[in-house]
Amino acid sequence: MPTCRRKRVVLTQPSESLLKSLKTNLDRDVFYLQQTGEIFETYEAYAARMSFYRLKQFQCEVTGKSGLDYFQALASERSEAETLHSRFSEPLKPAILKAVQFQVVGRLDHLVESVYERFKDRYFKGERVLIDLSGIKYYGQVHTVYPPKYSTDVAARDANKPDAEGVEQGAPRPIDDEEPHQIHDDLKTPVKEVNARDDPFLYYYWVLLTDLERDKSDKSKASKPTDGSEMVGSLMEVQCGRMSRDRLSFSKSILRRFIRDCVDRDAAVASPWTVKPAIAQKYGVISSMTEDTRINVEAIKKGEHDKRKKVWEDKDGPPNKKHKKMTPAQEEKAKAAAHKRDREAQEKLDQQRLAREEAERIAAEKKKKKPIRYPTEDLDVRLVDKDLKAGMKLKRPVPTSYALPFNHHPGSFESFLMSWNFLVVYGQPLHLSPFTLDEFEHAIKHADADMPCSLLAEVHSTLIYNLRTVPFARHSAVLSLLQRKDQLRAEGLEDEEYFGVNTDQLSAAMSDTGNNWERVPLRHSEGREGWEEALIGCLKDHATRANFPPMREILTKLLFAPDPNEVPEPHAPSPSSSRGPSPESTPAPQRLSVTSTPRERYINLPVHDRIAILSFMVNLAISSKAIHQHMESCEEQLTALRKEKIEVNRTKKQYLEEMNTLMGETKEGLVDEDVKMDDPSDMSDVPASENGSDSGKSKKGASKSKDLRQKAQLQAHSKQREAARAKQASVKQAVAEHRRLDEEVNKLERRLEAIEREFRKLLGGVRVKPMGKDRFYNRIWWFDGLGSGNLVGSGGATQYGAGRIFIQGPSEFDLELMMRRTDDEVSVQVRRLEEEGQEGMLGPSDWAVYSDIEELEEFIAWLNPKGHRELALKQAVSKWWIHISAGIRRRMQDLSVHAKLPEARRSTRTKVAPDITREAYMMWTNRRAINAT
């Protein structure tokens, strides 16, 4: 068995639950690892085990080679084992295996040494040996083994010779029933004692010489006159002294490999070596212990345990010398010393225990005091009283599932939503104008034969044009139906009938319809006339029973009509609400016996069949060349937008830095203007002299100095005013520049918003991802503004596609991930019941919707930003909240307008059918259509 990090690799056993389930469900799918025979319940477990086996960390147990994967190590072991078993003497194998069975020997080397010493001079019947006769060695085969009791009776030995008188060739002989070498006792018994009871040198062997050993290295024998070949083929009596074995078949190294390959033992102390069950059964080795053997093994185990226990208790070890008898005083002194040692050891243990407890207490306090770093795993966050008092809601508002269109039929809503999203996202390569989800819903439900629906015709026609470029097999649907008929006939069953139409009738009707679908022009100017027949041709060449299971019932409904003279049963469902049987179910009671045309019958096709057709065509159209080219174009435009966004952010940052600089200069200028400047008239006033008797000379000098002072003050004031005007002009210029930069920043922000909207549109053409997940892994979807759909129209008008927020239940993987959480105080299922409610819990294929602003606001308030998923979801919703709320409001307004229109036309005298031509889906036009097609 290969080893990994010196431990044997144990194969994985099937779980109890899997074994129980297989008793009741034999057709259950499992994952089988052929190389090891292991069975796994899930692909994840299978893949993990296979990845483990492929690691280059295994070692061949036989050769010791490392750096191998599991299968390489296993192949190496098997190759070495085959070589070993082919070389090892076959007659010797049972004897050695019987000798090692249930032996209690510590090391494998000791076991090999004991076996080798016991069997090196003992030979068995049929064994290939080497015989040394006067220096010449012959290969021989042991023919007869004579135990020691025949050692002195030559006549008895001769009587058993094959060519003896009275002995028939091949007849049984008494010597053949005697088992030689009865030495199957404990290998710990000394070899001398065993040989004293059964001496190998008293055995005699009749050996048939078969060949001469040719030793090219020995040149001395070449000089002899005879090479000894005349002895080949003769029968000779020899003893073990002249006999030996080939070193390639028997040596200590070969014996060690053989024993290691054939025996095993438990990891417990003093466990016996046991032969592997398959090998024991092959060579007749007893696999169950006898009572005596079991008692001996138990005694050895007990002795080993007692020995180890004594060594553990007596740490100082046994005395090396025999102590002299102590006096009573010495005994008291020794007891006191031993008591002191015990007390010191106990005190040391107590100190260690107290230190360990103190360390654990400190670690627990640190762990308890350690604050949780948010955000963290959402399911680890629980609301406390503080959060509830702060206004956070414990229970999520329940989304509605009954408001979803076609949700009464399993899988129909998801297919309907997927088809609408594909048609809107890839409207540009499909040449299809965008339309809302409500308009698509009403178009699917359209059932007025007198008023054709342009939206239905355009959608089917553009998909038909697209599928003309997708490879198809001519008449694949007819061939699939005929194969099913032949299969039923081979099983001895009659042909199936759907709505009273058998395979031959349906094939005949299909052969006359839509044969030229890939070339027929479906012109937009002619209302796409003939698209129904082209649809039959498209399905006839693209669909099979495997890729489109409801193909037969849908084609039957499109090509056959009920007999108008036939009276329907009272409780028979109408064609618009009933569903035809699946290929495995019983046909519906209504019979379709009259051949009709797809143009007449499509209007009576149930809505879930219409959705199934569109979903099938959409799945095929994804692989078309036009869609792939559009995806590549979107990738290129996304790269360009990313570069532009980087440049815009860099320019915006530069403008903001310049604005901050200008703002500082403006504040300094405003502070300088607030400083009050002195009036020149005040500065020129000089108080009069109090001494009226001053002389004229002093008055003249004072007047002159006064004039000079006034002149200097006037010049200084003039300079200040010039500086103030220059400063004021600079401030005005800075304010104007600040205003200009502010306008540039606003333009850049608007451009960034446009880039984000354009980025969302292009990203929808490459992949559609949910906005995020809540704490229970429910996926939140918002489909507006993807692909050819817009969030803002001309003039800034709000536009929407779905105008709602959809919630999809957790995937099966996420659900399994939640159920694996076992460390929570409250299980996830209980939390879901508490926080979502029974009605709000969604499964993997369940959908629900928030159509009202108030409900959506409550849902956003319920999200807890302390969790990773809900923080990211809340940020995504906040980023697009303006467009999300605007789309929801616009949709509610449109619904209220269309709801009031029938009331305005209502008459009290006569009952008039509503005018559906004024409905939004009937007024929709395809502005992207190409007139030529």
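Counting restarts for each chain: residues are numbered from 1 in the order of the written sequence. With the structure being a predicted model, the display of local features is reserved for residues of pLDDT at least 70 and the display and counting of side-chain atom pairs for 80 or more, all residues being used for whole-chain, interface and lining totals. Heavy atoms from the whole structure form the basis of all side-chain values; hydrogens and water molecules are not counted.

J.: Mind showing me how you'd approach the overall build of the protein chain here?
T.: Within the protein chain one finds 31 helices and 18 strands. Within the span of the protein chain, comprising 933 residues, buried residues form 37% of the whole. Any two residues whose heavy atoms approach within 4.5 Å at even a single point are treated as in contact. Sequence-distant contacts in the protein chain: of pairs separated by 6 or more residues, those separated by 24 or more amount to 75%. The Shrake-Rupley method, run with a 1.4 Å probe sphere, supplies the accessible areas, and residue values consider only the shown protein chains as cover. Accessible surface for the protein chain amounts to roughly 56,300 Å². Of this, 52% is attributable to carbon and sulfur atoms. Only DSSP runs of H or I covering at least 4 residues are called helices, and only runs of E covering at least 2 are called strands; the numbering of each starts at the N terminus. Accessible area is worked out with a 1.4 Å probe on protein chains only. A residue is then buried under 20% of its type maximum, exposed over 50%, and partly exposed in between.

J.: Please explain the pattern of salt bridges as it appears in this structure.
T.: Side-chain pairs of opposite charge can arise where the charged atoms are in close proximity. Criterion for a salt bridge: a side-chain nitrogen of Lys or Arg within 4 Å of a carboxyl oxygen of Asp or Glu. In total, this model carries 51 salt bridges according to the counting rule given. For Arg-197, the salt bridge identified is with Glu-193, shortest N-O distance 3.7 Å. Of this pair, Arg-197 and Glu-193 both sit in helix H7 (residues 191-197), four residues apart, which is roughly one turn of that helix. The exposure class assigned to Arg-197 is exposed, which follows from its relative accessible area of 52%. Residue Glu-193 is classed as partly exposed on the basis of its relative accessible area of 42%.

J.: Help me understand the packing of helix H18 (residues 503-511) against helix H20 (residues 551-559), please; the structure alone is not making it clear to me.
T.: For any two helices packed against each other, the geometry is given by the interaxial angle and the distance between the axes. Two numbers describe how H18 lies on H20: the axes approach to 10 Å, and their chain directions differ by 60 degrees. Between H18 and H20 lies a crossing whose hand is left-handed. Each of Thr-503, Leu-506, Ala-509 and Met-510 in H18 lies in contact with H20, whose residues at this interface are Arg-552, Leu-555, Thr-556 and Leu-559. By the convention adopted, Pro, Cys, Tyr, Trp, Phe, Met, Ile, Leu, Val and Ala count as nonpolar, Lys, Arg, Asp and Glu as charged, and the other residues, Gly among them, as polar. For the contact of H18 with H20, the per-class residue count stands at five nonpolar, two polar and one charged. Here the axes come from fitting lines to C-alpha atoms, over the contacting stretch only for helices, and the angles between their N-to-C directions go from 0 to 180 degrees. Note on convention: near helix rotated counterclockwise from far helix by under a right angle means a left-handed crossing. Clockwise means right-handed.

J.: I'm lost on unusual backbone geometry in this one. Help?
T.: Outside of glycine, negative phi angles account for most residues, and trans bonds account for most peptide bonds. Note that the residue after Tyr-374, namely Pro-375, is joined by a cis bond; omega there is 0 degrees. Summarising the element assignment, Pro-375 is placed in the loop between helix H11 (328-369) and helix H12 (385-389). Positive phi outside glycine occurs at Ser-134, with the angle close to 55 degrees. Mapped onto the elements, Ser-134 comes out in the loop between strand E6 (128-133) and strand E7 (136-146). Phi at Arg-528 is positive, roughly 55 degrees, even though this residue is not glycine. Along the chain, Arg-528 falls in the loop between H18 and helix H19 (531-542).

J.: Explanation requested: the side chain of Asn-778 in the structure shown.
T.: Along the chain, Asn-778 falls in the loop between strand E15 (772-773) and strand E16 (779-781). Judged by its relative accessible area of 0%, Asn-778 is buried.

J.: How should I be thinking about the sheet that holds E16 in this particular structure?
T.: Paired through their backbone hydrogen bonds, the strands of a sheet run either parallel or antiparallel. Overall, antiparallel pairing links the four strands, which are arranged E15-E16-E17-E18 in an open sheet. The two strands at the open ends of the sheet, each matched to only one other strand, are E15 and strand E18 (847-850). Helix H28 (residues 853-862) rests against E16, strand E17 (805-808) and E18 of the sheet, and its axis sits at about 105 degrees to E18. By this definition, two strands are paired if DSSP reports at least two bridges between them.

J.: Quick question: what am I supposed to make of the UniProt feature "coiled-coil region" (unreviewed entry) in the protein chain here?
T.: UniProt positions are given in the numbering used here, feature names are shortened, and annotations may be inferred rather than shown by experiment. The UniProt entry lists residues 631-658 under the feature "coiled-coil region" (unreviewed entry), expressed in the numbering used here. Structurally, residues 631-658 comprises 100% helix and 0% strand, and the distance from its first C-alpha atom to its last is 41 Å.

J.: What is the right way to look at the packing of aromatic side chains in this model?
T.: How two aromatic rings sit relative to each other is given by the distance of their centres and the angle of their planes. The aromatic pairing rule takes the rings of Phe, Tyr and Trp, using the six-membered ring of Trp, and pairs them if the centres are within 6.5 Å, calling planes under 30 degrees apart stacked, those over 60 edge-to-face and the rest tilted. All told, the structure shown has 34 aromatic pairs when counted by the stated rule. Measuring from ring centre to ring centre gives 5.1 Å for Trp-531 and Tyr-602, while their planes differ by 80 degrees; the resulting arrangement is edge-to-face. Placement of Trp-531 in helix H19 and of Tyr-602 in the loop between helix H21 (598-601) and helix H22 (607-621) is noted, with a sequence separation of 71 residues between them. Both residues of the pair, Trp-531 and Tyr-602, belong to the buried class. Centre to centre, the rings of Tyr-850 and Phe-859 are 5.2 Å apart; their planes meet at 35 degrees, and the pair counts as tilted. For the residue pair Tyr-850 and Phe-859, the accessibility class agrees, reading buried in each case. These aromatic residues form a ring-pair network of at least three members: Phe-413, Trp-420, Trp-781, Phe-783, Phe-806 and Trp-847. Lying across the ring of Tyr-139, Arg-128 places its NZ or CZ 4.3 Å from the centre. Counting as a charge over the ring demands two things of the Lys NZ or Arg CZ atom: a distance within 6 Å of the ring centre and an angle within 35 degrees of the ring normal. For Arg-760, the ring lying beneath its charged end belongs to Trp-880, and the centroid distance is 5.6 Å.

J.: Just checking my understanding: could you explain the packing of helix H13 (residues 412-425) against helix H15 (residues 437-445) for this structure?
T.: With their axes 11 Å apart at the nearest point, H13 and H15 run at an angle of 120 degrees to one another. By the angle class used here, H13 and H15 are oblique. Seen along the crossing, H13 lies across H15 with a hand that is right-handed. Residue-level inspection shows Phe-416, Leu-417, Trp-420 and Leu-423 of H13 in contact with H15, the latter providing Leu-437, Phe-440, Glu-441 and Ile-444. Each residue belonging to the contact of H13 with H15 can be placed in one class, and the counts come to seven nonpolar, no polar and one charged. In what follows, roughly perpendicular refers to angles from 65 to 115 degrees, roughly parallel to angles under 35, roughly antiparallel to angles over 145, and oblique to any angle outside these ranges.

J.: Help me out: how do you make sense of the confidence of the model for the protein chain in this one?
T.: Where the model shows low pLDDT, its predicted coordinates should not be examined in detail. The pLDDT value tells you how sure the predictor is about a given residue, anywhere from 0 up to 100. Averaged over all residues, the pLDDT of the protein chain equals 81, while 86% of them reach at least 70. Within the model, pLDDT remains below 50 along residues 316-323, and this stretch shows one contact once partners closer than five positions in the same chain are excluded.

J.: Please clarify how the environment of Ser-624 should be interpreted in this entry.
T.: If you trace the backbone, Ser-624 turns up in the loop between H22 and helix H23 (625-674). Overall, Ser-624 belongs to the buried group, its relative accessible area being 1%. Along the chain, Ser-624 and Asn-466 lie 158 residues apart, while their C-alpha atoms are 7.0 Å from each other. The contacts of Ser-624, once residues within four sequence positions are left out, are Asn-466, Thr-469 and Val-470.

J.: Is there a simple way to think about the pairing of strand E9 (residues 235-238) in this case?
T.: Side-chain alternation along E9 places Met-236 and Val-238 on a buried face and Leu-235 and Glu-237 on a face that remains uncovered. Here four bridges tie strand E8 (residues 204-212) to E9, and the two strands are oriented antiparallel to one another. Residue pairing across strands places Tyr-205 opposite Val-238, the latter belonging to E9.

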